[in-house]
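Descriptive analysis of the structure
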Amino acid sequence: MAAATTDDTGLRKGRFAPYGLLSPGILWLLLFFLVPVVMLVKASLSTKPSRFAEPEFAWDFSNYTAALSEYSPEFIRSFLYAGIATVLAILIGYPLAYWIATCGGRWKNFLIGLVVVPFFTSYLIRTIAWTSILQDDGVVTGLYQLLPWVGSDGRILATPMAVVGGLTYNFISFMILPIYVSLEKIDFRLTEAAADLGCAPWRAFRKVVLPLSLPGIFAGSLLVFIPAAGDYLNARYLGSPQTSMIGTVVQNKFLVQFDYPQAAALSLVLMVIITVMVLVYSRFLGTEGLAV
Amino acid sequence: MAEGAAPPVVAEVRPATGSTRASRAGSGWGRRILTLVAIAAYVWLFLPILNIVVFSFNDPAGKYNLSWDGFTLANWADPFKDAQLTEAFWRSLIVAAVAVTIALAMGSFIAIALSRYRFTGNKATEVFLILPLTTPEIVLGASLYQLFLGRDVVLGQATVTIAHIMFLVSFVAMTVKARVRGFDWTVEDAAMDLGARPLRVFWKVTFPLILPGILAAALLSFALSLDDYIVTDFTRGEFTTFPIQVNNAFRVSYPPQVNVLATLILIVTLILFTIGPLSQRRRSRAT
């Protein structure tokens, strides 16, 4: 952690100053992050007798069971899509980060900067651009239809494939950067040493480089999985009603149907699962790696 | 947590460790395949960007600028043709400017407190700070919606700005903290010993040293705020920002001006990110 490394460079003991510096921001977070989450918990335990009635707090845990049983397909889909997108992001992001770190030479900074450039255009507009690229009479879909197991009516748009592809694309920079940071810290003379001792390149990679870059992979996985699991825009633009995710349900229940208790329960289940993952991660690897 | 647009901080790169390239990436074929995979990945990353820029020159036959119908410069001649889109664009800029300014102050103070002092609750504060970044946006949005609804607050520009400040504070704090890690705070003592007053020490010593970190955080935060969709959707009421307007209008049309404005944002951020490191280099050379 940071504290350990800065201890010898004059870290001060503060009695009031640190709390004074912290208080405006922390108060803001308490008011607009923690209190709202508590309100959400309260809403998830409320009952709503009829469509237009105000929800009343009642320790009603049935929202959770009802929401989970009613929307289990969306739940499973969210975690499945986000999981596949995370794995794809590792499979694409790791080789790219590894190539930049090992073959980049003096272009390294430029090459890693290039990875971030696409993400300076709007997320929504990028996703809409994919609908243009993958449209039914487009070049990409035309090539896809040439595949032996795909017929001439094969589509990419409005399939789970397009949604997962969109999720992978939109969040992959969160995977590439932590992996790159962890690879940059590796002294590659270690692999030379392994080679000198008669270790084959692949084995040297597997036994030396891969374990040392695992923290980057873990951080990247969390940072891709979290926004992907809660997303609804990729499902909206690239998917179909059959690919709706948990975010779709929560958004719809809150902002269209005004039916809060179940939606609150759904979003809290998502939050609890993810928070447990984050706490386990920070317990072992600290919070530093998550600050991309 | 930032949406996909979040342009993360580019890592400080260490000097090469002095090994030969071939031995690092493995031999011959392995390296060639790796290079091909990397090139393919870059093509994939830039395909939608290329699509956005190229389609800003499209002359769509219908209301949707999604299929190529012919080249025109008309969209660039009149980027602000769509009044609603333009208004939403300016509103986005205002929200971002206000939210970033406030979040920068709050976040930088937190970063200074965390990296400069040893105090009770240090660890807990760090974990608490990371939580808004690792909470799905949909949960942040839904919970703020509950809060405002319960207090009968009218949703609009103010609530959107409040929400943006909330997710930016953590982001700024973590980004600035990463930049000032390992920074030697004893220079402040030196200034103090030489008779400088605390406020003067801050403006003349501390602030210039953390400024690069703050500037990087400012640029990234601005992009995050400008691009936010999900949290904004839950806190906006009738208020629309640029992404919201694009989404709402998509039911009836998708004008090429969207592509023009998106390309403009891309160009401006690219220029800022090229100028940033250059001016920093010049400053370090001057001292």
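Just so it is clear, the model here is predicted, and its values are computed rather than measured. (Residues numbered from 1 in each chain as written. Chains lettered and ligands numbered in written order. Predicted model: local features only at pLDDT ≥ 70, side-chain atom pairs only at ≥ 80, totals over all residues.)

1. A closer look at the overall build of chain B
- Helix and strand counts for chain B come out as twelve helices and one strand.
- For chain B, the α and β elements follow one another from N to C terminus as α-α-α-α-β-α-α-α-α-α-α-α-α.
- Taken over 287 residues, chain B has a buried fraction of 46%.
- Counting only contacts in chain B whose residues sit at least 6 apart along the sequence, the fraction spanning at least 24 positions is 81%. (Helix = DSSP H or I, 4+ residues; strand = E, 2+ residues; numbered from the N terminus. Buried ≥ 20, exposed ≤ 12 C-beta atoms within 10 Å, placed from the backbone. Contact = placed C-beta atoms within 7 Å.)

2. Description of the overall build of chain A
- Of the regular secondary structure elements, chain A holds 14 helices and three strands.
- Overall, the C-alpha framework of chain A stretches about 75 × 70 × 35 Å when taken along its three principal axes.
- Out of the 292 residues in chain A, the part that is buried amounts to 49%.
- In chain A, once contacts between residues fewer than 6 apart in sequence are set aside, the share between residues at least 24 apart is 71%.

3. Focus: the interface of chain A and chain B
- The interface is formed by 96 residues belonging to chain A together with 100 residues belonging to chain B.
- At 16 residues, the largest contribution of residues to the side of chain A that touches chain B is made by helix H2 (residues 17-44) of chain A.
- For the side of chain A that touches chain B, a count of residues per class yields 64 nonpolar, 24 polar and eight charged. (Nonpolar A, V, L, I, M, F, W, Y, C, P; charged D, E, K, R; others polar.)

4. Examining the nonpolar core
- Ranked by internal contacts, the top residues of the largest apolar core, which has 158 residues, are Ala97(A), Tyr180(A), Ala103(B), Ile110(B), Ala142(B), Leu168(B) and Val169(B).
- Sort the elements by how many residues they give to this core and helix H4 (residues 83-116) of chain B lands first, with 17 residues. (Core = buried A, V, L, I, M, F, W, Y, C linked by C-beta atoms within 7 Å.)

5. Topic: helix H9 (residues 173-184) of chain A
All names here are of chain A.
- Relative to the 16 Å expected for twelve residues at 1.5 Å per residue, H9 spans 16 Å between its end C-alpha atoms, a close match to the ideal helical length.
- Of all the twelve residues making up H9, twelve are buried; the element is thus mostly covered by neighbouring parts of the structure.
- Those residues of H9 lying buried are Ser173, Phe174, Met175, Ile176, Leu177, Pro178, Ile179, Tyr180, Val181, Ser182, Leu183 and Glu184. (Expected span 1.5 Å × (residues − 1).)

6. Here we look at the confidence of the model for chain B
Residues and elements named next belong to chain B.
- Confidence along chain B averages 85 in pLDDT terms, with 86% of residues attaining 70 or more.
- Across residues 1-25, confidence stays below pLDDT 50; counting only partners more than four residues off in sequence or on other chains, it has 76 contacts.
- ipTM for the predicted complex: 0.88, alongside a pTM of 0.86. (pLDDT = per-residue confidence, 0-100.)

7. Quick look at unusual backbone geometry
- Look at Phe258(A): it is not a glycine, yet its phi comes out positive at around 55 degrees.
- Mapped onto the secondary structure, Phe258(A) falls in the loop between helix H13 (246-255) and helix H14 (260-285).
- By C-beta crowding, Phe258(A) is classed as partly exposed, having 13 other C-beta atoms within 10 Å.
- One non-glycine residue, Asp152(B), lies in positive phi territory at about 55 degrees.
- If you trace the backbone, Asp152(B) turns up in the loop between helix H6 (137-150) and helix H7 (157-180).

8. Notes on the packing of helix H10 (residues 189-196) of chain A against helix H11 (residues 201-230) of chain A
All names here are of chain A.
- Where H10 contacts H11, the two axes come as close as 9 Å, and the packing angle between them is 130 degrees. In terms of orientation, H10 and H11 fall into the oblique class. In the crossing of H10 with H11, the sense of the turn from one axis to the other is right-handed. Contacts between H10 and H11 involve Leu190, Thr191, Ala194 and Ala195 on the former and, on the latter, Pro201, Ala204, Val208 and Val209.
- The class makeup of the residues in the contact of H10 with H11 is seven nonpolar, one polar and no charged. (Axes fitted to C-alpha atoms, helices over the stretch in contact; angles between N-to-C directions. Parallel < 35°, antiparallel > 145°, perpendicular 65-115°, else oblique. Left-handed = near helix turned anticlockwise from the far one by under 90°.)

9. Considering the confidence of the model for chain A
- Of the residues in chain A, 92% have a pLDDT of 70 or more, and the chain-wide mean is 87.
- In this model, residues 1-9 of chain A is a region of pLDDT below 50 whose contacts with residues beyond four sequence positions or in other chains number 16 contacts.

10. Observations concerning the environment of Ala103(B)
Residues and elements named next belong to chain B.
- Within the fold, Ala103 resides in helix H4.
- Accessibility expressed as a C-beta count within 10 Å gives 28 for Ala103, which makes it buried.
- Separated by 59 residues in the primary sequence, Ala103 and Ile162 have C-alpha atoms spaced 9.8 Å apart.

11. Observations concerning the packing of helix H4 (residues 72-103) of chain A against helix H2 (residues 28-55) of chain B
- Two elements in contact, H4(A) and H2(B), have axes separated by 9 Å at closest approach and are oriented at 115 degrees. Once H4(A) is placed against H2(B), the crossing between them reads as left-handed. Together, Ile92(A), Pro95(A), Leu96(A), Tyr98(A), Trp99(A) and Cys103(A) of H4(A) and Arg31(B), Leu34(B), Thr35(B), Val37(B), Ala38(B) and Ala41(B) of H2(B) make up the contact between the two elements.
- Residues belonging to the contact of H4(A) with H2(B) are distributed by class as follows: ten nonpolar, one polar and one charged.

12. Let's talk about H6(B)
Residues and elements named next belong to chain B.
- Between the first and last C-alpha of H6 there are 20 Å, a value that for 14 residues agrees with the 20 Å anticipated at 1.5 Å per step.
- With twelve of 14 residues buried, H6 is to be regarded as a mostly interior element.
- Buried residues of H6: Glu137, Ile138, Val139, Leu140, Gly141, Ala142, Ser143, Leu144, Tyr145, Gln146, Leu147 and Phe148, and no others.

13. With respect to the environment of Val153(B)
Residues and elements named next belong to chain B.
- Relative to the helices and strands, Val153 is located in the loop between H6 and H7.
- A residue is classified by how many C-beta atoms lie within 10 Å of it, and Val153, with 15 of them, is partly exposed.
- Val153 sits 81 residues away from Phe234 along the chain, and the two C-alpha atoms are 13 Å apart.
- When residues no more than four places from it in sequence are discounted, the contact partners of Val153 are Phe148 and Thr159.

14. Considering the environment of Ile162(B)
Residues and elements named next belong to chain B.
- Following the sequence through the fold, Ile162 ends up in helix H7.
- Judged by the 19 C-beta atoms lying within 10 Å of it, Ile162 is partly exposed.
- For Ile162 and Leu144, which are 18 residues apart along the polypeptide, the C-alpha to C-alpha distance reads 9.6 Å.

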